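Per-entry structural report
Listed below, chain by chain, are the residues.
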Amino acid sequence: MKEQLIQRYSAPERINHWIVAVCFILLAISGLAFFYPAFFWLTGVFGTPQLARIIHPFVGVVMFLAFLRQFFRYYHHNFIDAEDVKWMKAVGTVMKGGEVGDTGRYNGGQKGMFWLMSGCMALLLLSGIVAWRPYFAASFPIPLIRVALLVHASSALALIAGIIVHVYAALWVKGTIRAMVEGVVTHAWARKHHPRWYREMTGNKR
Ligand code: HEM
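The rules behind the values
- Residues numbered from 1 in each chain as written.
- Predicted model: local features only at pLDDT ≥ 70, side-chain atom pairs only at ≥ 80, totals over all residues.
- Heavy atoms only, no water.
- 1 Å grid on protein atoms, 1.4 Å probe; cavity = no way out; pocket = protein on both sides within 12 Å on 5 of 7 lines; lining within 4 Å.
- Points joined across faces, edges and corners; volume = space filled by probe spheres on them.
- Helix = DSSP H or I, 4+ residues; strand = E, 2+ residues; numbered from the N terminus.
- Nonpolar A, V, L, I, M, F, W, Y, C, P; charged D, E, K, R; others polar.
- Donors = N, O, S within 2.8 Å, 3.2 Å for Na, K, Ca; no water.
- Tetrahedral: all angles 85-135°; square planar, octahedral: opposite > 155°, others 65-115°.
- Buried < 20%, exposed > 50% of the residue type's maximum accessible area, 1.4 Å probe, protein only.
- Phe/Tyr/Trp six-rings, centres within 6.5 Å; stacked < 30°, edge-to-face > 60°.
- Lys NZ or Arg CZ within 6 Å of the ring centre and 35° of its normal.
- Near = heavy atom within 4 Å.
- Polar contact = N/O pair within 3.5 Å; in protein donor to acceptor, adjacent residues only side chain to side chain.

Our focus in this paragraph is the layout of surface pockets. Empty space within the largest pocket amounts to approximately 1,300 Å³. Gln110, His166, Val167, Ala169 and Ala170 are, among the 47 residues lining the largest pocket, the residues nearest its centre. Every element with two or more residues in the lining of the largest pocket is listed here: helix H1 (11–35), helix H2 (49–74), helix H4 (91–95), helix H5 (108–131), helix H6 (142–172), helix H7 (177–181) and helix H8 (187–193). Element by element, the count of residues in the lining of the largest pocket is highest for H6, at 10 residues. In terms of residue class, the lining of the largest pocket is built from 31 nonpolar, 12 polar and 4 charged. Of the pockets and cavities examined, the second largest pocket occupies roughly 760 Å³. In terms of lining residues, the second largest pocket is bounded by 29 residues, among which Gly31, Phe34, His56, Leu124 and His152 are the most central. Elements with a minimum of two residues in the lining of the second largest pocket: H1, H2, H5 and H6. Classifying every residue of the lining of the second largest pocket gives 22 nonpolar, 5 polar and 2 charged.

With that out of the way, let us pick up the coordination of the iron atom of the ligand. At 2.0 Å from the iron atom of the ligand lie its protein donor atoms, namely His17 (NE2) and His166 (NE2). The site at the iron atom of the ligand holds 6 donor atoms, and with the angles between them running 85 to 180°, its shape is octahedral. With His17 in helix H1 and His166 in helix H6, this pair connects stretches of sequence that are 149 residues apart. Residue classification places His17 among the buried residues on the basis of a relative accessible area of 13%.

Turning next to the packing of aromatic side chains. Applying the stated criterion across every chain yields a total of 19 aromatic pairs. A centroid spacing of 5.8 Å and a plane angle of 90° characterise the contact between Tyr36 and Phe39, whose relative ring orientation is edge-to-face. What makes Phe39 partly exposed here is its relative accessible area of 34%. Over the face of the ring belonging to Trp197 we find Arg8, whose NZ or CZ atom lies 4.6 Å from the ring centre.

Our next topic: the environment of Gln4. Turning to its location among the elements, Gln4 is positioned in the segment before strand S1 (5–7). Separated by 181 residues in the primary sequence, Gln4 and Val185 place their C-alpha atoms 8.5 Å from one another.

Turning our eyes to something else, we now look at the site of the ligand. If you check the shell around the ligand, you find 23 residues, and the closest are Arg8, Tyr9, His17, Gln110 and His166. Contact between the ligand and Tyr9: an oxygen atom at 2.5 Å from a side-chain N or O atom of the residue. Between an oxygen atom of the ligand and a side-chain N or O atom of Gln110, the distance comes to 2.8 Å. Elements with a contribution of two residues or more to the shell around the ligand: H1, H2, H5, H6 and H7. Here the shell around the ligand gets 5 residues from one element, more than from any other, and that element is H1.

Structure below.
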């Protein structure tokens, strides 16, 4: 029998997502290299340590702008409702493979992750600008630059931890990666993990 598929992401949406993901990996690698001496050798991702220091903030701006596009694409799908609260309270059941609540396009975990990503992106950009030598840092007092660097490192660590969970979940829930690679999911995937979205997309009652 032919597999029944639902379109979840268009090609522009997928390209947008993978631009953010590639920028994130480059930034995480170079950022960790600046932060922990043991990872200094990772500055090689941009050629030399000097180049890594110059390029890192520009890639950061590209990631921010690409994420901003994602933000405006998806924020209205990520408002947390009563079904998501049910999902969050029963996350233990979800971890054991069960499904909880009448989940729409995204579940409570994905929505929480979306707002974590958005908050971290905003903090990273603002703190990054304050600390960005030689362009902007000279306009700010040194104590503020120090606070900005603390905020930058903390939000980067929170985002890295968040993205580890995001990637793990994407691999763990079978059929999810296909949504971001081919743009489609199966009816069975949608019915199981996002029943309300499945009904909206297909017009089926259940
Ligand atoms: C690096 C490897 C990554 C992988 C394998 C990955 C995988 C995926 C997959 C499979 C989806 C679709 C989930 C679904 O529709 O149910 C998705 C959605 C999404 N991803 Fe990623 N992703 C990665 C990195 C990132 C990064 C670095 C960001 C941003 C910081 C990001 C932001 C998003 C957003 C905003 C969505 C839409 C979900 C929503 O609005 O809640 N992803 N990702």
